Amino acid sequence: MTALGLPDTIQACLFDLDGVVTKTAVVHAAAWKETFDDFLRGQEGQRPFDKVADYDEYVDGRPRADGVRAFLESRNIHLPEGTPDDPPDAATVHGLGNRKNELLLEKIRTDGVEAYDGTLRYLEAVRAQGLRTAIVSSSANCRDVLRSIGAEHFFDVRIDGVVAAERHLPGKPHPDTFLAAAHDLGVEPAHAAVFEDALAGMDAGRAGSFGYVVGVDRVGQTDALYAHGADTVVKDLAELGGKE
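Residues numbered from 1 in each chain as written. Predicted model: local features only at pLDDT ≥ 70, side-chain atom pairs only at ≥ 80, totals over all residues. Heavy atoms only, no water.

A.B. asks: In this structure, what is going on with the pairing of strand S5 (residues 212–216)? I would like to understand it.
C.D. replies: Side chains on a regular strand alternate between the two faces of the sheet. Counting buried residues in S5 gives 5 out of 5 residues, a clear majority hidden from the surface. Along S5, one buried face is formed by Tyr212, Val214 and Val216 and the opposite face, lined by Val213 and Gly215, is buried too. Where strand S4 (residues 192–196) meets S5, 4 bridges bridge the pair, whose relative direction is parallel. Across the sheet, Val194 pairs through a bridge with Val213, a residue of S5. Traced from S4 through helix H9 (residues 199–207) to S5, the parallel crossover comes out right-handed. Looking at chain direction, S5 and strand S6 (residues 232–234) are connected through 3 bridges and run parallel. (Buried < 20%, exposed > 50% of the residue type's maximum accessible area, 1.4 Å probe, protein only. Helix = DSSP H or I, 4+ residues; strand = E, 2+ residues; numbered from the N terminus. Pairing = 2+ DSSP bridges. Right-handed = clockwise from strand over helix to strand, strands pointing away.)

Here it is, written out as structure tokens:
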């Protein structure tokens, strides 16, 4: 293992945004809960959205519309798809997704965005060692979030919700966004490491046959991260630095 805690064969690092670089996973969970709870109040016999169990299982790491579909399917609820331009009060898959995004942006504007210091230090070390880097996120707000924390310069490539839509790439748990990042960096998947906190991201790393998959456990789901394909799990990326 290198001083970065990675196999010697790794030439590039592919980082998820929410929960790995920024402390926004909890904000996403709160926005999803408010969105779904408001909707579920009109559905007889439905319990509220659990922002730990339901969030981890159905929406974390997925594109918004995929998350809406997965959660509603778990409750045996079926809505029309609608269109990406649906208003946030529309009773459609895209309407609920747009409502969630509206709430998320409100929370970010009100409270701001924080980065994980350990991740920023690790990114500095990765760049100093000459490894190439990419940010891989399902969020359409990825670029704005990176700019808000002054971290855009850490990444050679950005594959986010905007780019995925332009290229028609399916989101996590499919590996396509990570594969696109490796391709854009000019690196084979076997020589790239994936850094993820979401179970869907672990699945994507395993499905893409990446050289190393690092699970970042912010919420006490170490066993689940390993079960979904992590090669190693840390609570903070600073734990990886300094290893020989």
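Still more ground to cover, so stick around.
A.B. asks: Honestly, the environment of Gly112 in this entry has me stumped. Any pointers?
C.D. replies: Relative to the assigned elements, Gly112 resides in the loop between helix H4 (93–111) and helix H5 (117–128). Spatially, the C-alpha atoms of Gly112 and Ser148 are 8.3 Å apart, while their sequence positions differ by 36 residues.

A.B. asks: Please explain the pattern of salt bridges as it appears in this structure.
C.D. replies: Two side chains of opposite charge can pair, provided their charged atoms sit close to one another. Counting across every chain of the model gives 19 salt bridges. Between Asp160 and Arg158 there is a salt bridge whose closest N-O contact spans 2.7 Å. In this structure, Asp236 and Arg218 form a salt bridge, with 3.2 Å as the shortest nitrogen-oxygen distance. Of this pair, Asp236 sits in the segment after S6 while Arg218 sits in the loop between S5 and helix H10 (222–227), and the two are 18 residues apart along the sequence. A network of salt bridges, in which partner residues are shared, links Asp16, Lys172 and Glu196. (Salt bridge = Lys/Arg side-chain N within 4 Å of Asp/Glu carboxyl O.)

A.B. asks: Would you explain the side chain of Asp16 in this entry?
C.D. replies: The topology assignment puts Asp16 in the loop between strand S1 (12–15) and helix H1 (25–40). A polar contact is formed between the side chain of Asp16 and the side chain of Lys172, at a distance of 3.1 Å. Contacts of Asp16, omitting those with residues within four sequence positions, involve Val21, Ile135, Val136, Ser137, Lys172, Phe195, Glu196 and Asp197. (Polar contact = N/O pair within 3.5 Å; in protein donor to acceptor, adjacent residues only side chain to side chain. Contact = heavy atoms within 4.5 Å.)

A.B. asks: Even after reading the chapter, I still don't get the layout of surface pockets, so can you show me in this structure?
C.D. replies: It is the rolling of a water-molecule-sized probe over the atoms that shows where space remains empty. Approximately 540 Å³ is the volume found for the largest pocket. Lining the largest pocket are 25 residues, with Pro63, Arg64, Ala65, Gly161 and Ala165 positioned closest to its centre. Partitioning the lining of the largest pocket into residue classes produces 11 nonpolar, 9 polar and 5 charged. Of the volumes computed, that of the second largest pocket is approximately 270 Å³. Secondary structure elements with two or more residues in the lining of the second largest pocket: H1 and helix H2 (53–59). Looking at the lining of the second largest pocket, the element that brings in the most residues is H1, giving 3 residues. Within the lining of the second largest pocket, the residues separate by chemical class into 8 nonpolar, 3 polar and 6 charged. (1 Å grid on protein atoms, 1.4 Å probe; cavity = no way out; pocket = protein on both sides within 12 Å on 5 of 7 lines; lining within 4 Å. Points joined across faces, edges and corners; volume = space filled by probe spheres on them. Nonpolar A, V, L, I, M, F, W, Y, C, P; charged D, E, K, R; others polar.)

A.B. asks: How do you make sense of the sheet that holds strand S3 (residues 157–159) when you look at a structure like this?
C.D. replies: The strand order S3-S2-S1-S4-S5-S6 describes an open sheet built from 6 strands, whose pairing is parallel. Edge positions in the open sheet fall to S3 and S6, since each of these has one partner strand only. Neighbouring strand axes in the sheet, compared pairwise and without regard to direction, differ in orientation by 20° on average. In the sheet, strand S2 (residues 132–136) pairs with S3 via 3 bridges, with the strands oriented parallel. From the neighbouring strand, Ala134 faces S3, where its bridge partner is Val157. Its contacts with the sheet put helix H8 (residues 176–185) on S1, S2, S3 and S4, and the angle it makes with S2 is roughly 150°. On top of the sheet, H9 reaches S4 and S5; it is set at about 175° to S5, its chief contact. (Axes fitted to C-alpha atoms, helices over the stretch in contact; angles between N-to-C directions.)

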